[in-house]
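# Tertiary structure, described
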Amino acid sequence: AIERTLSIIKPDAVAKNVVGQILARFEAAGLKIAAARLAQLSRAEAEQFYAVHAARPFFKDLVDFMISGPVMIQVLEGENAILKNRELMGATDPKKADAGTIRADFADSIDANAVHGSDAPETAAVEIAFFFAGLNVYAR
Ligand code: CMP
C-alpha cells in the first residue's frame, strides 16, 4: 500500500553536508518527498518527539544531540514507505548496519546515527502531524 513515513536527517548528517546524498537515496528507491523543512528543534520539541523514550538511560544524550544543530525533516511517500525507509537506513547502531545503508555509510555512533524513520503506521501518523500541518503535506 502507499504509505507516508516521517524521516529526519539528524544534526550529524546535516553538519557533514550529506543531506542531498541521503535524499537522493530516498528518491532512487522510489520514495517521494511530500513535505520537507530544515529546523532547529527546541529542547521541549525534542523531548516531546522522543517522549516514548523518556525513561530510557540514553534519553538526555538523545535530546542533547538532536538539538545540537539543525535537522532536515521530511515526509516520504510511496509503496511500503515505512519499511522501505527502514531498510534504506539500516540498523539503529551503525556498527550493525548492513553495508550500503545510510547509517553504515554516514553514521558515527548509535547516538549520531544520521537518520530517524518512523517504525509503524501509527507512529508515522503521529510523527508527521507533530512536524507538519496537513495542508503542508502534498500527495505525490
Ligand atoms: P531513532 O530512530 O531516532 O530513535 C531513538 C534514538 O535513540 C535512536 O534512533 C538512537 O539514535 C538513540 N539511541 C541511543 N542509544 C540507544 C539504544 N541503546 N537503543 C535504541 N536507540 C538508542
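Because the structure is predicted, anything quoted here is derived from the model rather than measured.

### A word on the UniProt feature "domain: Nucleoside diphosphate kinase-like" (unreviewed entry) in the protein chain
- Per the UniProt record, "domain: Nucleoside diphosphate kinase-like" (unreviewed entry) is annotated on residues 2-139.
- Between the end C-alpha atoms of residues 2-139 the distance is 10 Å, and the span holds 40% helix and 20% strand.

### Description of the nonpolar core
- In terms of nonpolar packing, the biggest core is built from 23 residues, with L6, I8, M66, I73, V75, F131 and F132 touching the most fellow members.
- Contributions of two or more residues to this core are made by β1 (2-9), β2 (32-39), α3 (43-49), α4 (59-66), β3 (71-79) and α7 (121-131).
- Looking at this core, the element that brings in the most residues is α4, giving five residues.
- Excluding its chain neighbours within four sequence positions, the residues that come into contact with F132 are L6, A35, A36, R37, I73, Q74, V75 and V137.
- Judged by nonpolar contacts, the second largest core, of 18 residues, contains I9, I22, L76 and M89.

### Considerations on the confidence of the model for the protein chain
- Of the residues in the protein chain, 100% reach a pLDDT of 70 or more, and the chain-wide mean stands at 98.
- Confidence metrics for the complex model read pTM 0.98 and ipTM 0.97.

### Quick word on the sheet that holds β2
- On the basis of which strands lie adjacent, the open sheet formed by four strands has the order β2-β3-β1-β4 and antiparallel pairing. Each end of this open sheet is capped by a strand with a single partner; those strands are β2 and β4 (115-117). Taken pair by pair, the neighbouring strands of this sheet meet at an average axis angle of 20 degrees, ignoring direction.
- Sheet contacts for helix α5 (residues 81-89): β1, β3 and β4; angle to β1, the most-contacted strand, approximately 35 degrees.

About the thresholds
- Residues numbered from 1 in each chain as written.
- Predicted model: local features only at pLDDT ≥ 70, side-chain atom pairs only at ≥ 80, totals over all residues.
- Heavy atoms only, no water.
- UniProt positions renumbered as here; feature names shortened; annotations may be inferred.
- Helix = DSSP H or I, 4+ residues; strand = E, 2+ residues; numbered from the N terminus.
- Core = buried A, V, L, I, M, F, W, Y, C linked by side-chain atoms within 4.5 Å.
- Buried < 20%, exposed > 50% of the residue type's maximum accessible area, 1.4 Å probe, protein only.
- Contact = heavy atoms within 4.5 Å.
- pLDDT = per-residue confidence, 0-100.
- Pairing = 2+ DSSP bridges.
- Axes fitted to C-alpha atoms, helices over the stretch in contact; angles between N-to-C directions.

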